[in-house]
There are 2 protein chains.
Amino acid sequence: MTTTSGEFALLDETWSSVTPPAARRMLIAAAAAFSVRGYHATTTRDIAAQAGMSPAAVYIHYRSKEELLFQISRIGHATSLSVLTGVSEVDPVERLAAAVRAFASWHAEYHTTARVVQYELSALTPEHLAEVVELRRRIEAAVRDMITEGVRAGVFDVPDVRGATLAVLSLCIDVARWYQPSGRRTPTEIGDLYADLVLRMVGTPT
Amino acid sequence: MTTTSGEFALLDETWSSVTPPAARRMLIAAAAAFSVRGYHATTTRDIAAQAGMSPAAVYIHYRSKEELLFQISRIGHATSLSVLTGVSEVDPVERLAAAVRAFASWHAEYHTTARVVQYELSALTPEHLAEVVELRRRIEAAVRDMITEGVRAGVFDVPDVRGATLAVLSLCIDVARWYQPSGRRTPTEIGDLYADLVLRMVGTPT
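Computed from a prediction, not measured in an experiment: that's the story for all the values here.

### Notes on the interface of chain B and chain A
Step number 1: Each partner contributes to the interface: chain B provides 33 residues, whereas chain A provides 33 residues.
Step number 2: At the junction of chain B with chain A, the criterion picks out four salt bridges.
Step number 3: Note that B:D160 is salt-bridged to A:R185, the shortest N-O span being 2.8 Å.
Step number 4: The interface formed by chain B and chain A holds twelve residue pairs in polar contact (both at pLDDT 80 or more) in total.
Step number 5: Listing elements by their share of the side of chain B that touches chain A, those giving two or more residues are α3 (21–37), α8 (111–119), α10 (161–173), α11 (175–178) and α12 (187–201) of chain B.
Step number 6: With seven residues, α10(B) is the single largest residue contributor to the side of chain B that touches chain A.
Step number 7: Considered class by class, the residues forming the side of chain B that touches chain A number 16 nonpolar, six polar and eleven charged.

Right under this line is the structure:
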């Protein structure tokens, strides 16, 4: 795995919603640990050590290791949803381009968090998974609505809206897998590239 | 994780190259176990139990757990490379479409193997990783050559060949993450959808 310090050192909106600071520090430590060794190979003791706290301190803030994963997953999904829907553009072409630009570059910038969020879904309890699945449904609906809007406006040509939605989301999410901070493209450049490719996918001449 | 029995029950070309049968059975058991709990949380004891063998039997065929991961990764990458380059079409448009169709549907059909292959790279030794990286370089070169050929023939319009190559590969590989055998699309249908979307990405009217 790539080094996670850069990403987790950012005191950004994602994690600042978690209070008190000790609970936030633990969540950040858990996300880093899960991303390196996987959820099942990480113990609450590992997480406490990484956060510079005692193993017992974990249980003051979280019921279990799974609760930590759930909070990372819930916050990660909610943040990526707000990134996707937070675009201000009204024109369907510009709106989809802006949403893809934001969503793809978020997955580069927060690649370690995004990996944990995407690859460890099967470790969630059924109740927690249901809550995350509802956020995923809203993410999917947001992209589908943007594509549908462009089709209605006559500016997109999409024979299979569900299929295109799936591909757009998949393309952006997979940035988290291959992105490396040392690579040739910055998160912003990836966002620009992907906005262009997605507009081509939906049949808009660029 | 989804159930793995269907995929691993297939006595296909991927695993039939592994001999003797006991070594093959162990590799299949290891891929299944890694896909469910992750590489670091899986022990050689778990793998032996899943293969119906004694823990000591693992070491007759493999030096270590990492050797098992390496063989899965090597064979997985080599197979996906041969799937990608095994297309017989000569026309650049048809060739890229056929390659994407084959590569994307392979990642659906063999999603559990592909997940292990893609998500556990960081657990390989530097020597083994170098060998896998060389296969990845060849996979990337194969797609880049196909796109370059279409640009040269004047049938593709691609401002950023490297960027398009990255996106095509990413789109197909990420099928392994989201594909579910119980989902609405078969591997063949996913291949067809993606061939169409990729031709749009490279600027070919479909």
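### Structural notes on the environment of B:R137
Step number 1: Here B:R137 shows up in helix α9 (residues 126–152).
Step number 2: Within the structure, the side chain of B:R137 is placed 3.0 Å from the side chain of B:E134, a separation counted as a polar contact.

### Quick word on the UniProt feature "domain: HTH tetR-type" (unreviewed entry) in chain A
Step number 1: The UniProt record annotates "domain: HTH tetR-type" (unreviewed entry) at residues 20–80 of chain A.
Step number 2: The span residues 20–80 of chain A is 79% helix and 0% strand, and its two end C-alpha atoms sit 23 Å from each other.

### Describing the environment of B:V202
Step number 1: Here B:V202 shows up in the segment after α12.
Step number 2: Residue class for B:V202 comes out buried when judged on its relative accessible area of 0%.
Step number 3: In this structure the C-alpha to C-alpha distance between B:V202 and B:T148, which are 54 residues apart in sequence, comes to 10 Å.
Step number 4: The contact partners of B:V202, leaving out residues within four places of it in the chain, are A:R200, B:L96, B:I147, B:F156, B:D157 and B:V158.

About the criteria used
- Residues numbered from 1 in each chain as written.
- Chains lettered and ligands numbered in written order.
- Predicted model: local features only at pLDDT ≥ 70, side-chain atom pairs only at ≥ 80, totals over all residues.
- Heavy atoms only, no water.
- Contact = heavy atoms within 4.5 Å.
- Salt bridge = Lys/Arg side-chain N within 4 Å of Asp/Glu carboxyl O.
- Polar contact = N/O pair within 3.5 Å; in protein donor to acceptor, adjacent residues only side chain to side chain.
- Helix = DSSP H or I, 4+ residues; strand = E, 2+ residues; numbered from the N terminus.
- Nonpolar A, V, L, I, M, F, W, Y, C, P; charged D, E, K, R; others polar.
- UniProt positions renumbered as here; feature names shortened; annotations may be inferred.
- Buried < 20%, exposed > 50% of the residue type's maximum accessible area, 1.4 Å probe, protein only.

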